[in-house]
Amino acid sequence: MSLMELAARLGSAEGYESLSTAAGTPWVAVRLDGQPSPLFHAQPNCPVVGLVESGQPTHGEVPEVVDVVATPEDAATVTGEIDRNPVASSVLVRLLRHNARVGAPDSAFAESLAYSTLQHGAEFQAWLANRERRSSRPEPDTPVVLIERHDDTLRITLNRPHKRNAYSASLRDGLCEALGLAMADDTVRHIVMDGAGACFSAGGDLDEFGEATDAGIAHASRMARHAGALIDCLRDRVEARLHGACIGAGIELPAFAGRVVACEDAFFQLPEVGMGLIPGAGGTTSILRRIGRRRLAYMALTGARIDVRAALDWGLIDAVE
């Protein structure tokens, strides 16, 4: 449909109610043909995909109502992924619209509420029921986070290489404790975050997915101990050095850092919507700041793998070394 047609439908109570995942409309596609944008008095409760022809700028002057921009060739991929998990997709775009307007504390609060809600939704429960179960590997008797102080530099290393530095509760706690040391010590002028082994972090520890049984407690726990919030407080002193897989929390957390440097082999991915969830380690704040709402929506809705060159061009990282 055209932007004018979308505005007209949103201008009536019946039309507004129909443009919702709950009403069986998982997404809306609109043509971005350079025509002036009408005034929108409401936003649909589903993703709005803006269609542009190949070769046109995809992230310039785009009406605020549009959540993600795609060529007709890419649109089938975007809408196909939305169709697989329409509730998580709708929650994601509404959250990003909200977080683009508010500060970090409010956006973190909103993300946690949304994530905790989806943990108890049918889409995530279906993913849990269908995923392949793997035997858990024993944890080695070594610290999950290594800390090394040299002069005024504190190096913090994620140290679960046998699990590709999967972001577990124990790793979160160790990271928060290490960052707490820097918070309490003004003589720490420089903080370097990196990961041991083959990659920086392959994201959340899947062995712990589904353990939360109380949405309210899950939300309260997430807000009480949030590594991303600590990195954000220290951002002017933090440099993240990334390599290999940087998936989910593996890019959400370092994106809070003032400087992000990646190796040539690094790649970035947000797979959570495909699980019936949304990014939940702060990415709807940190990545939003770096690359904007629509590119973040594209990453999260499609789960696309982003290489270092695209990441550098977008501003997701600051340098490649």
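To start, this report covers the structure provided alongside it. Since the structure is predicted, the reported quantities are computational estimates derived from the model, not experimental observations.

**Overview of the nonpolar core**
Here is step 1: Residues Ile156, Leu242 and Phe268 are the most contacted members of the largest nonpolar core, which totals 73 residues.
Here is step 2: By residue number, the principal contributor to this core is helix H7 (residues 169–184), which donates 6 residues.
Here is step 3: Leu3, Leu19, Val30 and Val69 belong to the second largest nonpolar core, which has 14 residues in total.

**Describing the pattern of salt bridges**
Here is step 1: Within the structure shown, the criterion is met by 18 salt bridges.
Here is step 2: A salt bridge links Asp67 to Arg293; its shortest N-O distance comes to 3.1 Å. Taken together, the residues Asp67 in the loop between strand S2 (48–51) and strand S3 (68–70) and Arg293 in helix H12 (residues 293–302) connect sequence positions 226 residues apart. For the residue pair Asp67 and Arg293, the accessibility class agrees, reading buried in each case.
Here is step 3: Its salt-bridge partner being Glu321, residue Arg241 comes within 2.8 Å of it at the nearest N-O pair.

**A short note on the packing of helix H11 (residues 283–291) against H12**
Here is step 1: Close contact between H11 and H12 brings their axes to 7 Å; oriented N to C, the two are set at 125°. Between H11 and H12, the interaxial angle falls into the category oblique. When you trace H11 past H12, the crossing you get is right-handed. Along its contact with H11, which presents Gly283, Thr284, Ile287, Leu288 and Ile291, the element H12 presents Arg293, Arg295, Leu296 and Met299.
Here is step 2: Class assignment of the residues belonging to the contact of H11 with H12 gives a composition of 5 nonpolar, 2 polar and 2 charged.

Quick notes on the rules
- Residues numbered from 1 in each chain as written.
- Predicted model: local features only at pLDDT ≥ 70, side-chain atom pairs only at ≥ 80, totals over all residues.
- Heavy atoms only, no water.
- Core = buried A, V, L, I, M, F, W, Y, C linked by side-chain atoms within 4.5 Å.
- Buried < 20%, exposed > 50% of the residue type's maximum accessible area, 1.4 Å probe, protein only.
- Helix = DSSP H or I, 4+ residues; strand = E, 2+ residues; numbered from the N terminus.
- Salt bridge = Lys/Arg side-chain N within 4 Å of Asp/Glu carboxyl O.
- Axes fitted to C-alpha atoms, helices over the stretch in contact; angles between N-to-C directions.
- Parallel < 35°, antiparallel > 145°, perpendicular 65-115°, else oblique.
- Left-handed = near helix turned anticlockwise from the far one by under 90°.
- Contact = heavy atoms within 4.5 Å.
- Nonpolar A, V, L, I, M, F, W, Y, C, P; charged D, E, K, R; others polar.

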